[in-house]
Amino acid sequence: MSSEVARHLLFQSHMATKTAHMSPQVFDNEEKQKKENTRSLAMSGHVGFESLPDQLVNRSIQQGFCFNILCVGETGIGKSTLIDTLFNTNFEDHESSHFYPHVRLKAQTYELQESNVRLKLTIVNTVGFGDQINKEESYQPIVDYIDAQFEAYLQEELKIKRSLFNYHDSRIHVCLYFISPTGHSLKTLDLLTMKSLDSKVNIIPVIAKADAISKTELQKFKIKLMSELASNGVQIYQFPTDDETIAKVNASMNGHLPFAVVGSMDEVKVGNKMVKARQYPWGIVQVENENHCDFVKLREMLICTNMEDLRDETHTRHYELYRRRKLEEMGLTDTGPENKPLSLQETYEAKRHEFYGERQRKEEEMKQLFVQRVKEKEAVLKEAERELQAKFEHLKRVHQEEKLRLEEKRRLLEEEIIAFSKKKATSEIYQSQPFMTPGGNVRKDKDRKNSSFM
Amino acid sequence: MDPLRQSPSRSSSRASSPRTLPCEMLGYVGIEAVLDQLKIKAMKMGFEFNIMVVGQSGLGKSTMVNTLFKSKMWKSTMPGLGVPTPQTLQLQSVTHVIEESGVKLKLTVTDTPGFGDQINNDKCWDPILGYINEQYEHYLQEEILITRQRHIPDTRVHCCVYFVPPTGHWLRPLDIEFLQRLCRTVNVVPVIARADSLTIEEREAFRHRIQENLKTHGIEVYPQKCFDEDINDKILNSKIRERIPFAVVGADREHIVNGRCVLGRKTKWGIIEVENMAHCEFPLLRDLLIRSHLQDLKDITHNVHYENYRIFRLNESHVLPRGPGWVNLAPAPASVPAPAGPQANPGPPKVGGWAKDNSDEEC
């Protein structure tokens with residue numbers, strides 16, 4: 001070890017110890033001291049932490065990767081075919097109908113593996129986009145879907161018992177916007193949709209079915225598109241140019257946006273190789289030929305060079321923006337009323353206080369309501385009871401009267417019976433004395449009387 | 001298994017993932033280029049690592065740190081140089097940025113002079129626990145801000161190296177108390193310090209006794225058995241677990257042995273080479289901490305220890321592990337039952353009482 005280096009090291013260590021001893025042993029000053037203590041230190045030998053990136057990579061391999069692509073474009077513009085071509089596989093076969101009344105989003109997840117990298121790829125397609133006669137509601141379902149994924153992640157992050165490392169990240173990392181190859185300009189629907197999506201997701205516009213435009217028209221079309229996007233303030237994804245290794249490539253690719261792509265899984269023999277191409281009577285459009293279309297550029301940029309950056313941007317920019325808006329909406333702020341920094345924890349607790357108070361109040365209310373209702377019901381029942389009682393009394397009285405009258409009648413009847421039997425007795429006595437009285441007529445009268453009486 | 005600790009099942013068992021269809025790709029796509037992208041990003045951002053060394057004075061902590069990172073983190077303290085032995089436990093942190101082959105590492109070493117030096121060492125682990133929890137607290141506060149930074153600076157202690165004095169007998173009560181409390185909050189790696197005072201046989205016997213001690217008292221040191229993912233991890237980690245605690249010797253002077261320049265301690269009866277596996281197990285410690293398990297240490301700190309702390313905090317518990325500089329939040333409203341945390345509990349802290357999971361409506 002050269003003496004120079006030794007002296008340098010000694011000097012550095014001396015500085016370090018000096019500041020270390022001088023650092024006050026109170027915790028809140030520790031941060032400041034740490035900042036001052038951070039300095040570069042030269043090592044005298046091989047320590048071995050150059051393997052750190054590899055350790056990181058190994059962990060990521062173990063965890064697997066997640067990538068979610070959203071394809072927005074009219075039905076039949078070639079979204080599924082392009083995805084198939086990009087990932088060199090046949091995902092799904094059937095074509096969608098043109099007659100859906102609303103725009104829906106269909107998500108499908110696939111597991112791909114290349115050497116030791118496992119990729120969980122989710123493709124989200126818009127079904128029925130641009131098919132309706134009235135297209136006013138077309139882009140809202142897309143915005144809602146993207147927000148819903150952010151919301152799901154936010155909910156997981158805010159949970160008390162959470163498992164973020166286990167969480168299947170469904171947030172959209174990139175949106176491929178398919179522009180139809182009219183050769184003129186952007187459609188209004190395209191503008192509106194892109195404008196509403198640009199703050200929520202990384203947008204990469206592509207010109208679909210690019211084999212329908214000639215080369216010169218394509219140039220003009222691209223320039224027109226980019227200027228329209230710029231003048232309307234639509235922020236599309238720019239490939240990052242801060243890292244030297246990929247800055248040049250990315251910068252040049254930025255100039256080729258939007259990519260004019262052709263998708264095809266059919267193989268055609270060209271020369272002595274089978275290549276993916278579309279065969280026309282007037283020629284063969286090769287997908288992977290850079291002169292024919294920008295497919296290779298798209299694949300390079302999307303997958304090989306910038307996949308990680310797309311995920312990073314989604315997480316650190318779009319998601320944070322959503323989170324901030326959502327939390328502010330809920331009324332939580334970083335600074336309290338006296339402009340002191342208020343921790344989320346405290347506002348969270350204050351809100352919880354509030355909610356508890358609210359809940360108590362509601363409970364009280366409900367209790368009161370309940371008691372009142374019970375009283376009312378009781379009153380009603382009492383009223384009914386009283387009525388019934390009155391009726392009962394009335395009926396009873398009526399019966400009593402009836403009974404008395406009947407009693408009266410019976411007594412009269414009995415009296416009459418007694419009178420009659422008395423009369424019968426006396427008439428029989430009279431009959432048993434036939435000779436004593438000359439009153440044969442009397443007897444006859446009596447008989448007549450008796451017979452009429454009987 | 002401790003119900004507090006959830007094993008981070010990082011591989012295929014994702015409970016929340018949708019139904020996935022495996023697909024065959026018909027040719028090369030270029031997905032594996034994402035690994036290079038990751039590497040580039042990591043190298044640009046740099047790495048952070050925070051290590052804490054705990055042990056009585058004179059056990060060679062500072063020397064060990066210097067040997068580990070092959071640089072003078074700080075001057076090895078020697079008595080009589082005008083440095084007063086601190087009367088109470090005070091933590092000192094030093095941060096350096098070291099670079100190797102383009103990889104930048106921001107290393108923070110926290111020393112604990114005065115640990116276990118007093119006559120009455122009761123609760124001498126409180127400042128340490130307080131410091132560790134304070135780092136978690138800082139991170140949590142940053143994480144729950146509304147507008148948060150792109151990259152939250154990580155000051156959480158990723159690894160705590162505990163120096164056991166080479167008595168050759170058993171773990172002392174102080175060691176056991178400390179290890180019990182700390183292994184639940186941070187990754188702890190115990191080492192036998194100054195192992196050059198023990199012969200090889202004594203070392204083995206000591207090691208076995210310590211392992212027994214650890215098992216009896218339920219102390220799980222790093223690498224924890226419950227976080228082993230798959231069979232490869234298990235095999236690798238079992239080998240390491242057999243050798244814990246490592247018998248290490250620290251040295252920052254170089255000597256010539258057989259024509260080579262080696263780090264070692266020169267004594268009258270020979271030179272103890274630090275990097276020689278036959279002499280001491282320093283290479284094992286270095287490999288564990290730096291070359292193979294550094295990322296794993298950080299992961300377990302982030303996914304397990306920090307999450308446990310967060311759960312504990314967000315459950316409205318206002319009784320926190322002690323330490324100076326703690327801010328007690330406003331007392332809980334009467335409707336929420338306060339959990340029975342470890343108040344002034346001198347006995348061994350029960351696992352259940354440490355962080356009771358209050359039923360939480362908004363969970």
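The numbering scheme is per chain: residues are counted from 1 as the chain's sequence reads. Here the convention is simple: chains get letters from A, ligands get numbers from 1, in the order in which they are written. In view of the model being predicted, local features appear only for residues whose pLDDT reaches at least 70, and side-chain atom pairs are presented and counted only at 80 or more, with totals across whole chains, interfaces and linings using the full set of residues. In computing side-chain properties, one takes all heavy atoms of the structure into account and sets aside hydrogens as well as water.

## With respect to the packing of aromatic side chains
Here comes step 1: Between the rings of Phe, Tyr and Trp (Trp by its six-membered ring), a pair exists once the centres lie within 6.5 Å; its type follows the angle of the planes, with under 30 degrees stacked, over 60 edge-to-face, and the other angles tilted. Taken as a whole and judged by the stated rule, the model has 13 aromatic pairs over all chains.
Here comes step 2: Arranged with centres 6.1 Å apart and planes meeting at 50°, the rings of Phe150(A) and Tyr319(A) form a pair that is tilted. With Phe150(A) in helix H5 (residues 140-158) and Tyr319(A) in helix H10 (residues 307-329), this residue pair connects regions lying 169 residues apart in the sequence. Both residues of the pair, Phe150(A) and Tyr319(A), count as buried.
Here comes step 3: Aromatic pair Phe115(B) and Phe178(B): ring centres 4.9 Å apart, planes at 70°, arrangement edge-to-face. With Phe115(B) in the loop between strand E4 (103-111) and helix H3 (126-143) and Phe178(B) in helix H4 (residues 173-182), this residue pair connects regions lying 63 residues apart in the sequence. Exposure class is identical for Phe115(B) and Phe178(B). Each is buried.
Here comes step 4: Criterion for a charge above a ring: Arg CZ or Lys NZ at most 6 Å from the ring centre, at most 35 degrees from the ring normal. One cation-aromatic arrangement involves Arg171(A) over Tyr153(A); the distance from NZ or CZ to the ring centre is 3.7 Å.
Here comes step 5: The ring of Tyr139(B) is capped by Arg156(B), whose NZ or CZ atom sits 3.7 Å from the centre of that ring. A run of H or I in DSSP becomes a helix once it reaches four residues, and a run of E becomes a strand once it reaches two; helices and strands are each numbered from the N terminus. Partly exposed describes any residue whose relative accessible area lies between the buried limit of under 20% and the exposed limit of over 50%, with all areas from a 1.4 Å probe on protein chains only and scaled to the type maximum.

## Re the domain arrangement of chain A
Here comes step 1: Each domain's limits were defined by an automated method or a database of domain assignments. Domain annotation of chain A identifies domain 1 (60-330) and domain 2 (336-407).
Here comes step 2: Inter-centroid distance (C-alpha atoms) of domain 1 of chain A to domain 2 of chain A is 61 Å.

## Brief notes about a nonpolar patch on the surface
All names here are of chain A.
Here comes step 1: Patch definition: residues with relative accessible area over 30% and no salt bridge; like charges joined within 9 Å; nonpolar side chains (Val, Leu, Ile, Met, Phe, Trp, Tyr) joined within 5 Å. Each accessible area is a Shrake-Rupley result for a 1.4 Å probe, and residues are judged covered by the shown protein chains and nothing else. When a carboxyl oxygen of Asp or Glu is within 4 Å of a side-chain nitrogen of Lys or Arg, the pair counts as a salt bridge. On the surface, Phe370, Val371 and Val374 cluster together into a nonpolar patch covering about 270 Å² of accessible area.
Here comes step 2: Tracing the backbone through its elements, the reader meets Val371 in helix H11 (residues 344-431).
Here comes step 3: Given the relative accessible area of 42%, Val371 is considered partly exposed.

## What about the sheet that holds strand E8 (residues 254-257) of chain B?
All names here are of chain B.
Here comes step 1: In spatial order, the strands read E8-E9-E10; together these 3 strands make up an open sheet with antiparallel pairing. If you trace the sheet from one side to the other, it starts and ends with E8 and strand E10 (270-273), each paired once. Averaged over all neighbouring strand pairs, the angle between strand axes comes to 65°, with direction disregarded.
Here comes step 2: Pairing between strands requires that DSSP locate at least two bridges from one strand to the other. Two elements, strand E9 (residues 260-267) and E10, share 4 bridges in a ladder whose sense is antiparallel. From the neighbouring strand, Arg265 faces E10, where its bridge partner is Ile272. Here an angle of 0 to 180 degrees is reported between the N-to-C directions of two axes, which are lines fitted to C-alpha atoms, with helices fitted over the stretch in contact.

## Considering helix H1 (residues 33-45) of chain B
All names here are of chain B.
Here comes step 1: For H1, spanning 13 residues, the distance from its first C-alpha to its last is 19 Å, which sits close to the expected 18 Å at 1.5 Å a residue.
Here comes step 2: Of all the residues in H1, the buried ones are Ala33, Val34, Leu35, Gln37, Leu38 and Ala42.
Here comes step 3: Gly46 sits one or two positions beyond H1 and adopts a positive phi of about 80°. Helix span is expected to be 1.5 Å times the residue number reduced by one.

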